[in-house]
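Structure assessment
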Amino acid sequence: MPEYSVEQLLDHVNSSYSKPGNERVRKIAERMICHIYSVIVDFNVSHAELWSLFTWINDLGTAKQAGLLGAGIGLEQLLDILADEADKQAHRAKGTPRAIEGPLYIPNAPLSKHEARLDDGSEKGEPLVMEGTVRDTQGKPVPHAIVDVWHAGQGGGYSFFDPSLQEFNYRRRIETDEKGHYLSHSLLPPGYAVPPGSPTQQLLDVLGRHGNRPAHIHFMISGKNHVPLTTQVNIPGDEYLNDDFAFATRDALVVELHKITDPKKIAQYRQNGPFTYIEFDFTLQVADKELPTNRQAAPEQE
Ligand code: BEZ
Ligand code: FE
């Protein structure tokens, strides 16, 4: 057995392969291993600290919180910044600003044409009507676009992750009509908080950080020959609007809320009383071969 120096051990670890494997993954792993070595050396990491790290990583995996942590250290926002930068470099017309998907998306929500009620009626809250038009960057409406929308329930949790909510509560897909119009009825959501005591929150605690997101509504919008858009709208007035744990709020995505009390409007939108109204149009980029037309949905996370 050779006696390695730190550098020799690192070189040996990073060159100890006998099959081609996946070159991109190997290069990324090499770089990451190199950084981990530097951290261990520079911070004189102890055996106890290393083992507590392994235990925490195992707990993070058991809780399926890798995506949650990733958002909390800005990784999803980083990819959006890079995509924005690539649009700028390529002089591509910008659509509605991107915002992170987050780890709480569930595919295949019930599909309705033009209009949907997102909540299942099991909770009480401020009734919310949201409507708008999906257009492309040339201003043309996008008929039959799919507006996949999801948001938190009144307790701040999401169906499939919060056992108090039934499947697909506050999750729907709405197909726009011939004019690209969509209409949704729901309840105004509160903000989200990382589960207390969870591995992600444990890390945030030692970093002196909170795990709160301001109130928001998620959208994933796709239309034939258009680049799918993943975004969110933010509800104004939330104390975390400029202090989002996932660094994902954007000024252009903060909507205006209108309180509707006019009985005619209440009847027009088939509400039972006063409600909050949001009008928001989405703009999709027209697809070209440079732009991906599909985005990987996150696997189930806690
Ligand atoms: C959310 O949008 O609800 C969310 C995003 C990132 C991490 C956790 C939750
Ligand atoms: Fe969310």
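Reading the values: rules and limits
Residues numbered from 1 in each chain as written. Chains lettered and ligands numbered in written order. Predicted model: local features only at pLDDT ≥ 70, side-chain atom pairs only at ≥ 80, totals over all residues. Heavy atoms only, no water. Helix = DSSP H or I, 4+ residues; strand = E, 2+ residues; numbered from the N terminus. Buried < 20%, exposed > 50% of the residue type's maximum accessible area, 1.4 Å probe, protein only. Areas by Shrake-Rupley, 256 points an atom, 1.4 Å probe, with all protein chains shown as cover. Lys, Arg positive; Asp, Glu negative; His and termini not counted. Charge placed at Lys NZ, Arg CZ, Asp CG, Glu CD. Axes fitted to C-alpha atoms, helices over the stretch in contact; angles between N-to-C directions. Parallel < 35°, antiparallel > 145°, perpendicular 65-115°, else oblique. Left-handed = near helix turned anticlockwise from the far one by under 90°. Contact = heavy atoms within 4.5 Å. Nonpolar A, V, L, I, M, F, W, Y, C, P; charged D, E, K, R; others polar. Pairing = 2+ DSSP bridges.

Here we take up the overall build of the protein chain. The helix and strand tally for the protein chain stands at seven helices and 13 strands. Overall, the C-alpha framework of the protein chain stretches about 85 × 45 × 30 Å when taken along its three principal axes. When the 302 residues of the protein chain are sorted by exposure, 41% land in the buried category. Roughly 17,200 Å² of accessible area belongs to the protein chain as shown, and the carbon and sulfur atoms make up 56% of that amount. Treating the 29 positive side-chain charges of the protein chain as one cloud and the 41 negative ones as another, the clouds have centres 8 Å apart.

Quick look at the packing of helix H1 (residues 6-15) against helix H2 (residues 23-42) now. Packing of H1 against H2 brings their axes to within 10 Å, and their N-to-C directions diverge by 155 degrees. Classified by the angle their axes make, H1 and H2 are roughly antiparallel. Of the two elements, H1 crosses H2, and the hand of that crossing is right-handed. Here Val6, Leu9, Leu10, Val13 and Asn14 of H1 come into contact with H2, specifically with Glu30, Ile33, Cys34, Tyr37 and Val41. Its residues assigned to classes, the contact of H1 with H2 comprises eight nonpolar, one polar and one charged.

Buried residues dominate strand E10 (residues 229-234), accounting for six of its six residues. Burial of E10 is two-sided: the residues Leu229, Thr231 and Val233 facing one way and the residues Thr230, Gln232 and Asn234 facing the other way are all buried. Bridging between strand E9 (residues 216-222) and E10 involves six bridges; their strand directions are antiparallel. Its bridge partner being in E10, Ile217 is matched across the sheet by Val233. Here E9 hands over to E10 after six residues, with Asn225 in that stretch at a positive phi of 65 degrees.

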